[in-house]
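What the coordinates show
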Amino acid sequence: MEPRPEKFLLSLMALSRTTIQQPDILEAMNALDGELLGVSYRHACKLPPAVFTDAFSDGQTRSKLWALSIMEKLWGPDLGTVFVAAGWVCQLAFFMARHPRLRVHKVRSFDICREATSMADDLNRQWVIDSWRFKAVCKDIFELDMWEPSYEVTNFKGEQVILNGEYPDLVINTACEHIQDFGKWWGTVPVGLRCVLQSNDFFSQAHHVNCMRDLEEFKASAPMRKVLFAGELPLPKYKRFMICGIR
Ligand SMILES: C[S@@+](CC[C@H](N)C(=O)[O-])C[C@H]1O[C@@H](n2cnc3c(N)ncnc32)[C@H](O)[C@@H]1O
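To keep things clear, this report deals only with the structure shown in the data block. (Residues numbered from 1 in each chain as written. Predicted model: local features only at pLDDT ≥ 70, side-chain atom pairs only at ≥ 80, totals over all residues.)

Time to look at the overall build of the protein chain. A tally of helices and strands in the protein chain yields ten helices and nine strands. Residues counted as buried form 37% of the 247 residues belonging to the protein chain. Within the protein chain, counting contacts between residues at least 6 apart in sequence, those at least 24 apart form 67% of the total. (Helix = DSSP H or I, 4+ residues; strand = E, 2+ residues; numbered from the N terminus. Buried ≥ 20, exposed ≤ 12 C-beta atoms within 10 Å, placed from the backbone. Contact = placed C-beta atoms within 7 Å.)

Here it is as structure tokens:
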């Protein structure tokens, strides 16, 4: 089944049905009509229909907008260079690019799946063509050295290019429930770095290898020097947990 524009718009506007009060973001999303909606929709439509439906589902959309709203309060408007670990198709960057106030220098999305990496570049094409403000990297996050980052990306000719010395100001992992041996990965995140982590209690999903029973368990699994935000977002099928702070 092909994705439908109205479904896309509805998921962008899911915010209106949440308890998060951000009328200005809603306004910006509402303004995504005409040309801008066309461009956004064309990029989103490059995703296979099943991925589109999943990536822009109500729960995914609300969780990403929730993260952006807290990030803006803590560190906005300029987030600097952002690393997204296990970024999947990186709809987070897609929403960042359309946020009315947040700015980023660069976003790098790391995912072990080559297909997801290429879909992330397609979805975020507007930032890819803007001097690689966004670039997806096919990489196991356990092999990413955030102290001395160096990684290979594919350019538009299909050639491999090495990017060095792009230091993160912020690391985001909204897929902690998918990370096997999460504690080991957390050990690779530089102490002192700003971070945003999300997980959930959706134990019944096959790929969820690191779900959390509650927020306290999540906090204990990712000790930080300073926790600046910890909260949960009730969604119809599960609860999303988020902690933000200084590693
Ligand atoms: C389905 S997605 C995440 C959904 C999540 N709720 C979110 O919004 O971010 C999970 C992603 O984690 C990636 N992943 C899992 N383990 C990884 C690893 N060790 N390194 C990089 N990516 C990984 C998978 O390839 C997949 O794209």
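To continue, consider the sheet that holds strand E1 (residues 81-85). If you trace the seven strands from one edge of the open sheet to the other, you get E3-E2-E1-E6-E7-E9-E8, paired in mixed fashion. The sheet is open, and its two borders are formed by strand E3 (134-138) and strand E8 (226-234), each paired with just one other strand. The sheet shows a mean angle of 15° between the axes of neighbouring strands, direction not considered. Bridge count for strand E2 (residues 106-111) against E3 is five bridges, and the pairing is parallel. The partner of Ser-109 across the bridge, within E3, is Ala-136. Its contacts with the sheet put helix H7 (residues 114-123) on E2 and E3, and the angle it makes with E3 is roughly 175°. (Pairing = 2+ DSSP bridges. Axes fitted to C-alpha atoms, helices over the stretch in contact; angles between N-to-C directions.)

In this section: the site of the ligand. Near the ligand, the surroundings consist of 15 residues, among which Ala-86, Trp-88, Ile-112, Cys-113 and Ala-175 are the closest. Taken together, the residues of the shell around the ligand break down into ten nonpolar, three polar and two charged. (Near = placed C-beta within 6 Å. Nonpolar A, V, L, I, M, F, W, Y, C, P; charged D, E, K, R; others polar.)

A separate point is the nonpolar core. Ranked by internal contacts, the top residues of the largest apolar core, which has 58 residues, are Val-84, Val-89, Cys-90 and Ala-93. Here this core gets five residues from one element, more than from any other, and that element is helix H5 (residues 58-75). (Core = buried A, V, L, I, M, F, W, Y, C linked by C-beta atoms within 7 Å.)

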